[in-house]
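# Reading the structure
If you want the building blocks of each chain, they are given just below.
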Amino acid sequence: MSEQTFLCNQCGNQTPLVRKFDNLPDNVEHHYAECQSCGYRSTIFYTNPEIKALMYEQKKTPFLTKKKERLTNEIKKLVDELREKVESEEGKNAEIK
Ligand SMILES: [Zn+2]
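In short, a report on the structure. Keep in mind the model is a prediction, meaning the values are calculated, not measured. Every chain begins its residue count from 1, and numbering advances along the sequence as written. Two thresholds apply to this predicted model, a pLDDT of at least 70 for residue-level local features and 80 or more for giving and counting side-chain atom pairs, whereas whole-chain, interface and lining totals are computed over all residues. To get the side-chain values, take all heavy atoms of the structure and skip hydrogens and water.

## Points about the pairing of strand β5 (residues 41–47)
For clarity, the cut-off: Strand pairing follows a simple DSSP-based rule, namely that at least 2 bridges must link the two strands. Under the DSSP-based scheme used, a helix requires at least four consecutive residues in state H or I and a strand at least two consecutive residues in state E, with every element numbered from the N terminus.
Of the strand pairs in this sheet, strand β4 (residues 28–34) and β5 are connected by six bridges, and their pairing is antiparallel. Note on β5: the bridge partner recorded for Tyr-32 is Thr-43. Between β4 and β5, which pair antiparallel one after the other, the connecting turn spans six residues, and Gly-39 there sits at a positive phi close to 80°.

## A short note on the coordination of the zinc ion
How we decide: Think of the donor list as every N, O and S atom within 2.8 Å of the metal, or within 3.2 Å for Na, K and Ca; water never makes the list, so a site can look incomplete. By the criteria applied here, four donors are tetrahedral when all angles lie between 85 and 135 degrees, four are square planar and six octahedral when opposite donors are over 155 degrees apart and every other angle lies between 65 and 115, and any other arrangement is irregular. Only protein chains enter the accessibility calculation, which uses a 1.4 Å probe. A residue is then buried if its area is under 20% of the maximum for its type, exposed if over 50%, and partly exposed in between.
With distances of 2.2 to 2.4 Å, the protein atoms coordinating the zinc ion are Cys-8 (SG), Cys-11 (SG), Cys-35 (SG) and Cys-38 (SG). Because the angles between the four donor atoms bound to the zinc ion fall within 107 to 112°, the donor set is best described as tetrahedral. For the zinc ion, the donor residues sit on a single chain with the sequence spacing C-x2-C-x23-C-x2-C. Within this pair, whereas Cys-8 is found in the loop between β1 (5–7) and β2 (14–16), its partner Cys-35 is found in the loop between β4 and β5, the two being separated by 27 residues in sequence. Both residues of the pair, Cys-8 and Cys-35, belong to the buried class.

## Thoughts on the pattern of salt bridges
The criterion, for reference: The salt bridge definition used is simple: a Lys or Arg side-chain nitrogen within 4 Å of an Asp or Glu carboxyl oxygen.
This model, assessed by the stated rule, comprises 10 salt bridges. Between Lys-67 and Glu-57 there is a salt bridge, and its shortest N-O distance comes to 2.9 Å. Placement of the pair is Lys-67 in helix α2 (residues 66–96) and Glu-57 in helix α1 (residues 49–60), with a sequence separation of 10 residues. Residue classification places Glu-57 among the partly exposed positions, given a relative accessible area of 27%. Of the charged contacts in the structure, one is a salt bridge between Lys-77 and Glu-81, with a shortest N-O distance of 3.8 Å.

So, in structure tokens, the structure goes:
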């Protein structure tokens, strides 16, 4: 297995890419890479059961078909919306604290 590294934009070190995920409320999973130098979490994506079901469907669908294209676009849209939703809620919570 080759070791991937990424540049942490928090501490500026090259760090081994350690992918982890947390369970958030509403069945949301937060997938992120954790910096081994400073512990900073860089978000990869958020997912939920709806998105996972679509990803599974997309995987089974042959390449270069309209359906694959439609599913890919739909997944991208849902992932973006979910990220926006989760991050805006995190922002609100941070303000309360
Ligand atoms: Zn770091």
